[in-house]
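One letter stands for each residue in the lines below.
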Amino acid sequence: MAAEAGDGATTAKRLRAITEELSGRFLEREDVVRTLIVTMLARQHSLVLGPPGTAKSELARELTARIEGAAFWEILLSKFTAPTRMFGPIDVAALSRGEYRQVYKGRATTADIAFIDEIFKCSTAALNETLGFLNERIYHPENGGEPIRCPLISAITASNELPSGEDSAAIYDRLLVRVEVGYLADPSNFAALVRSAVADSTPPAKTTISLRDLQYAVTTAVPAVTVPEPIVDAICTLRAALRRQELIASDRRWRQSVALLQASAFLDGRTAVGENDLAVLTHVLWDSPAQRPTVEREVLQMVNPDARAALDLADSIDELEAELDAKAGQSKDKLSAWAIKEANPKLSRAGKTLEKLRKAAQAQGRSTASIDRVLTRQRAVHARILSEALGVDTSALQAGH
């Protein structure tokens, strides 16, 4: 047993290294990477929602490639994808002998980890089998008989848009974790992206874990993480606060979320869930992206007052960008005067305040993910105003960060 406990600690350490490596490669994705790993550890499924060209597929492949020995299955769905293409084609050779069999090797049926792109384009014909695969980890063969138990640990799914029909909504409901990605916002990160397209780089570090170690973590180490009574009280308080704002999640979703909290604590090397782990619920308790800021504020009010203050600053930053857009067409003099007297001072103060909040959160061992997101937003809007209103080369701003 002592060896197993050590294995769990080593696995968590290696997963933290994987998080750091992938966050360095996929800019502005640190929270996304960590959330996907937590979801996998909790044996749940995730949705990465965002426009084309935001590295959703590449990130999923890079993450799953770090699990040695795992059977990985990937598919891009369309409205015409047949269930047999997903779960196993008909064995033509056997059919010629009068036997009706399916070939399961290399399909969803035998996968430990799955990546399903354009998940909401799942065909009507494949809907029930896909739901069974995600929910119960089973597949019903085409010729009937006993359902096949699938070894699936976790599925990462992706989509460019939200579900639009009842069929796709049924799948959406079964994806416990939902994370949004967008195009790079920080000018310095965009510049780094451009440079990476032409610069010769040494092969990046690639920490891995074994399938066996992941399975041990999922089945034994994560469920062993304790959930103290104050955390249960905090969850009940959060549920009441969200219900007052008519944001209602199902009992099933709340219950499944407990495993996410345990997985978050395990990933950080702790044996009990703490307040910081509640932050993962910002990716669980909303149905539409418009609800996400409200959920995030309620969660962070309990977890991290520094991050709550950062979100309040995000509102004023958004207002400044909207004002910049509204001033399009004004004279250059008027635009410059507004930028010098109002916009630039406000954004500079916001940046300094966010940096202080970040340092305070770090000093207290709190997550800085939400603060970092607002900082990225502040830098992006600041760069726009300097460039569009004052004609300043934003590379100077980039050099400062």
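Everything here concerns the structure above.
Rules and cut-offs
Residues numbered from 1 in each chain as written. Predicted model: local features only at pLDDT ≥ 70, side-chain atom pairs only at ≥ 80, totals over all residues. Heavy atoms only, no water. 1 Å grid on protein atoms, 1.4 Å probe; cavity = no way out; pocket = protein on both sides within 12 Å on 5 of 7 lines; lining within 4 Å. Points joined across faces, edges and corners; volume = space filled by probe spheres on them. Helix = DSSP H or I, 4+ residues; strand = E, 2+ residues; numbered from the N terminus. Buried < 20%, exposed > 50% of the residue type's maximum accessible area, 1.4 Å probe, protein only. Polar contact = N/O pair within 3.5 Å; in protein donor to acceptor, adjacent residues only side chain to side chain. Contact = heavy atoms within 4.5 Å. Pairing = 2+ DSSP bridges. Axes fitted to C-alpha atoms, helices over the stretch in contact; angles between N-to-C directions.

Digging into the layout of surface pockets
Put simply, the second largest pocket is a space of about 670 Å³. Looking at the second largest pocket, it is lined by 26 residues, and the ones nearest its centre are R25, F26, L27, L193 and S196. Going through the elements one at a time, α1 (2–25), α3 (56–64) and α8 (187–196) are the ones with two or more residues in the lining of the second largest pocket.

Re the side chain of T207
Following the sequence through the fold, T207 ends up in the loop between α8 and β9 (209–210). Accessibility expressed as a relative area gives 15% for T207, which makes it buried. A polar contact is formed between the side chain of T207 and the side chain of E21, at a distance of 2.5 Å. Residues within four places of T207 in sequence aside, it is in contact with R14, A17, I18, E21 and R66.

Here's the deal with the sheet that holds strand β1 (residues 46–49)
Strand order in the open sheet made by the 5 strands is β3-β4-β7-β1-β8, with parallel pairing throughout. Edge positions in the sheet fall to β3 (72–76) and β8 (177–180), since each of these pairs with one other strand and no more. On average, each strand axis in the sheet is inclined to that of its neighbour by 15°, with strand direction left out of account. Direction of pairing for β3 relative to strand β4 (residues 113–117): parallel, over a ladder of 5 bridges. Each residue of the ladder has a partner; that of E74, found in β4, is F115.

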